[in-house]
Each structure stands twice: as C-alpha cells, then as structure tokens.
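Geometric and topological summary
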Amino acid sequence: MLRGIGEPASSVLGARAFAVEASAPGKLVLSGEYAVLAGAPALVAAVDRRVTCTLVPRDGGGWRFVSTGFETEQTLTRDEVFQAPADSVAGVVRRVIAEDRAPGHIEVRIDSAPCHLDGAKLGVGSSAALVAAVAAAFSVVGGDAPGLGTLVDIHKCFQGGGSGLDVAAAITGGVIRFQDQRIVPSRLPDVHKAFIFVGTSTRTAELVARFDAWRGAANPPALERLIEAAVEVADCTVNADVFLDALSEYTGVLERMDRMARIGIFGPGHQAAREIATRCGVVYKPCGAGGGDTGVGFAANGDAVARFANEASDSGLTIVPMEVSDDGIRIRTE
C-alpha cells in the first residue's frame, strides 16, 4: 500500500516483515555527456535497473546496514550514523532525516544488484538511484522529502561530483531533457535499440577530471561544437531519421573531442561495438562518461539492431536486457 510522504514514523515502523520500501531507476545518457557540464542539454533515459532501499524495524541493536550488489554489512549506533562521512550510505541517511526523528534501531537494506553484472557495475547511475531511494524511504519515516537541488548536493558528496542528471532521472523516470538543473519531459522517436556492456567498469570521476583539465577556464572549440551537436539531438526527438542523423553527428563530434582531449571515452570495447554497428547500419555510442560501462545502439530498422546485437555478442560483448522506465521513485509501505 502506498502512504503519503510525511506520515509519522510511529505509524509506519510497526512490527512487520518490512515497513518501508522505496526504489529508484538507474539512467543512461543518450546524448549530451560532457557537454552538459558546460551548460548544454542532455537527453537522459531512466532504465528499469532499479536500486531498492528497504527499512525494517528492529527491537534493539542499533542501525544495521546491509547491501546487495556492492556487498557490505555494518552496524552503527544512532549517534554514529549522525557522525558518518558523507561518502557512505549512513552519511546519506543523516542528510535526509533529522536526528530527533530517527528511530533508535532499524535495518537499512540496499539492493543495487540489478545495476551490476557478475560483480561489475553497469554504469547506469546506481549511486544516484541509491541516494534517491534512501531519501524517499526516510522521507516516509522522517516527514521531509528533499528536492532535486538537495539530492544533487547529497549525491555529489556521496559520489564526488556530477551534473545532477542521474538524480533527476531517478526522481522522474522516463526520458528527460536536463539542462542547468532544469528538467523537461522528453521522448524517444520510434527507434529500435540494444544496450551493450563492454566488459569493464568506469571510474567516472577519473574521466571527468581529465575532461576538466583539458577544458580549462574556457571552452575549447571542440567542446563548443559538442554543445551545438547536443542541442541538435535534444531538439530532434520527434522524427526517427532526423534523430538518428543528429545522434550520429553528435557521436562523431564526441569521438573527435575525445581524441583531442585524450579522455578515454571511446575505450576498446566501445570502439569494437561502434565498428560492428557501422557494418550493421546502427548508430552506436557510449552512454555517459564512457571508457567502459554501457553503450547503446539505435536504428530505425529492427533487423539492423538484431544483427548488431548478435554480432556484438559473438565478439564477446554483453547484451544487457534493459528498457526505459516510465516510473521514477516508487514507495511502498505495509
């Protein structure tokens, strides 16, 4: 049963199998990565790889944190929770609930397994989904629902930076146009797609640091061109052919910028996937920071995408079953 944000903790945290369950979707950047850091629009899709936060009442023993996906387990007192570092799950908790509203004993279960594959992260924004899910669960307990700006700040402390687009997608679901902390609902045209995990995970902060070092105090011409190309994609989401042409142009501009800046966006796996896509008549690009993680191939022709997926799989790349998630945050209580 769904209950409203702000219902008192005493009415929610009863002696039940579980009290509160909140989940939020991961995300993939379809266009605008890196350019969004310079004020351009990014096209972002929430995906049906969700992180779930479940709050379970305990009679004693303090706060127990259990995580699946990134396997951790920790028990803290309530006082220790409210002294926890900002880059920990407990640190997220203390930012979203006041200490005087927090229970003395509770189990916090985090399940991010859908955002991992054989122990490797897929690069679908699991940290932002975690922040959104934890905040949503504790908003039921504590009565406050943090806004986008607050959640972006919490996520920056938790992960170490970012534009906020992944937090926005986790909150809203669907496809959005994200620019300067503004969210505008968008859509994809009638195109077929295949998601590819290239076999390695990326440390996003490292690639963004290379980008920042190359960018310097002013936007180089290659970045200005990327901004223009990102605008063209975000403005062309109605017609499939126009969208694919704009996305193909954007991907080429992104690759040229990558070579110039030596960021490493098009790592070996993405290069291999792009070569296969070109043979199959598919537009392929990394999603987000690149290097490793997940990419996407688009085409108006379903047979072309099927050939691409088959050849990519035969080459050792992994096809990831994934769809756009229309739902953002979900909350359930019993």
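Residues numbered from 1 in each chain as written. Predicted model: local features only at pLDDT ≥ 70, side-chain atom pairs only at ≥ 80, totals over all residues. Heavy atoms only, no water.

For soluble globular proteins, nonpolar side chains are generally found buried alongside one another. In terms of nonpolar packing, the biggest core is built from 102 residues, with Tyr34 and Met257 touching the most fellow members. Not counting residues within four places of it along the chain, the set of residues in contact with methionine 257 comprises Tyr34, Phe211, Trp214, Ala222, Leu223, Leu226, Ile263 and Ile265. If you look at the next biggest cluster of nonpolar residues, it comprises 16 residues, including Ala194, Val305, Ala309 and Leu317. (Core = buried A, V, L, I, M, F, W, Y, C linked by side-chain atoms within 4.5 Å. Buried < 20%, exposed > 50% of the residue type's maximum accessible area, 1.4 Å probe, protein only. Contact = heavy atoms within 4.5 Å.)

Considering only enclosed or pocket space, the largest pocket measures out at about 1000 Å³ in volume. If you go around the largest pocket, you meet 40 residues; those closest to its centre are Ser127, Gln159, Asp166, Thr204 and Ala205. Listing elements by their share of the lining of the largest pocket, those giving two or more residues are β1 (20–31), α4 (126–142), α5 (148–159), α6 (165–172) and α7 (204–215). In terms of residues, the lining of the largest pocket owes the most to one element, α7, which gives five residues. (1 Å grid on protein atoms, 1.4 Å probe; cavity = no way out; pocket = protein on both sides within 12 Å on 5 of 7 lines; lining within 4 Å. Points joined across faces, edges and corners; volume = space filled by probe spheres on them. Helix = DSSP H or I, 4+ residues; strand = E, 2+ residues; numbered from the N terminus.)

With the rule as written, the count across this model stands at six aromatic pairs. Measuring from ring centre to ring centre gives 5.8 Å for tryptophan 63 and phenylalanine 138, while their planes differ by 5°; the resulting arrangement is stacked. Linking tryptophan 63 in strand β3 (residues 63–68) with phenylalanine 138 in helix α4, this pair joins segments that are 75 residues apart in sequence. Like phenylalanine 138, tryptophan 63 is buried. Taken together through their ring pairs, the aromatic side chains of Tyr34, Phe211 and Trp214 make up a single cluster. (Phe/Tyr/Trp six-rings, centres within 6.5 Å; stacked < 30°, edge-to-face > 60°.)

Moving on: the pattern of salt bridges. The full count for this structure, using the stated rule, is 16 salt bridges. In this structure, the salt-bridge partner of arginine 64 is glutamate 73, at a minimum N-O distance of 2.7 Å. The exposure class assigned to arginine 64 is partly exposed, which follows from its relative accessible area of 22%. Linking glutamate 107 and arginine 64 is a salt bridge whose minimum nitrogen-to-oxygen distance equals 2.6 Å. Linking glutamate 107 in strand β5 (residues 106–111) with arginine 64 in strand β3, this pair joins segments that are 43 residues apart in sequence. (Salt bridge = Lys/Arg side-chain N within 4 Å of Asp/Glu carboxyl O.)

A cluster of acidic residues, Asp79, Glu80, Glu99 and Asp100, forms a negative patch at the surface. Inspection of the secondary structure assignment puts aspartate 79 in helix α2 (residues 78–81). Classification of aspartate 79 by relative accessible area gives partly exposed; the value is 49%. (Patch = residues over 30% accessible without salt bridge, like charges linked within 9 Å, V, L, I, M, F, W, Y side chains within 5 Å. Areas by Shrake-Rupley, 256 points an atom, 1.4 Å probe, with all protein chains shown as cover. Lys, Arg positive; Asp, Glu negative; His and termini not counted. Charge placed at Lys NZ, Arg CZ, Asp CG, Glu CD.)

A few words on α6. Along α6, six of the eight residues are buried, which leaves the element largely enclosed by surrounding structure. Among the residues of α6, those classed as buried are Leu165, Asp166, Val167, Ala168, Ala169 and Ala170. Where the residues of α6 are buried, they touch β1, β2 (42–57), α4, α5, β8 (175–179) and β9 (182–185).

Looking now at the packing of helix α3 (residues 89–96) against α4. Think of two packed helices as two axes; the pair is described by the angle between the axes and how far apart they sit. Put simply, α3 and α4 touch, their axes get as near as 9 Å, and they point 45° apart. Looking at the two axes, α3 sits oblique to α4. Where α3 crosses over α4, the two elements pack in a sense that is right-handed. Only Leu130, Val131, Val134, Ala135 and Phe138 of α4 make contact with α3, whose side of the interface consists of Val89, Val92, Val93 and Val96. Here the contact of α3 with α4 is composed, by residue class, of nine nonpolar, no polar and no charged. (Axes fitted to C-alpha atoms, helices over the stretch in contact; angles between N-to-C directions. Parallel < 35°, antiparallel > 145°, perpendicular 65-115°, else oblique. Left-handed = near helix turned anticlockwise from the far one by under 90°. Nonpolar A, V, L, I, M, F, W, Y, C, P; charged D, E, K, R; others polar.)

A separate point is the confidence of the model for the protein. Per-chain confidence: the protein averages 91 in pLDDT, with 94% of residues scoring 70 or above. Low pLDDT, under 50, characterises residues 1–17; the stretch is placed with 33 contacts to residues that sit more than four places away or in other chains. (pLDDT = per-residue confidence, 0-100.)

A few words on α7. Over its 12 residues, α7 extends 16 Å from the first C-alpha to the last, a length consistent with the 16 Å expected when each residue adds 1.5 Å. Positive phi appears at glycine 216, one or two residues downstream of α7, with a value of about 70°. (Expected span 1.5 Å × (residues − 1).)

Here we come to the environment of valine 20. In this fold, valine 20 is placed in strand β1. Along the primary structure valine 20 and proline 57 are separated by 37 residues, whereas in three dimensions their C-alpha atoms are 9.4 Å apart.

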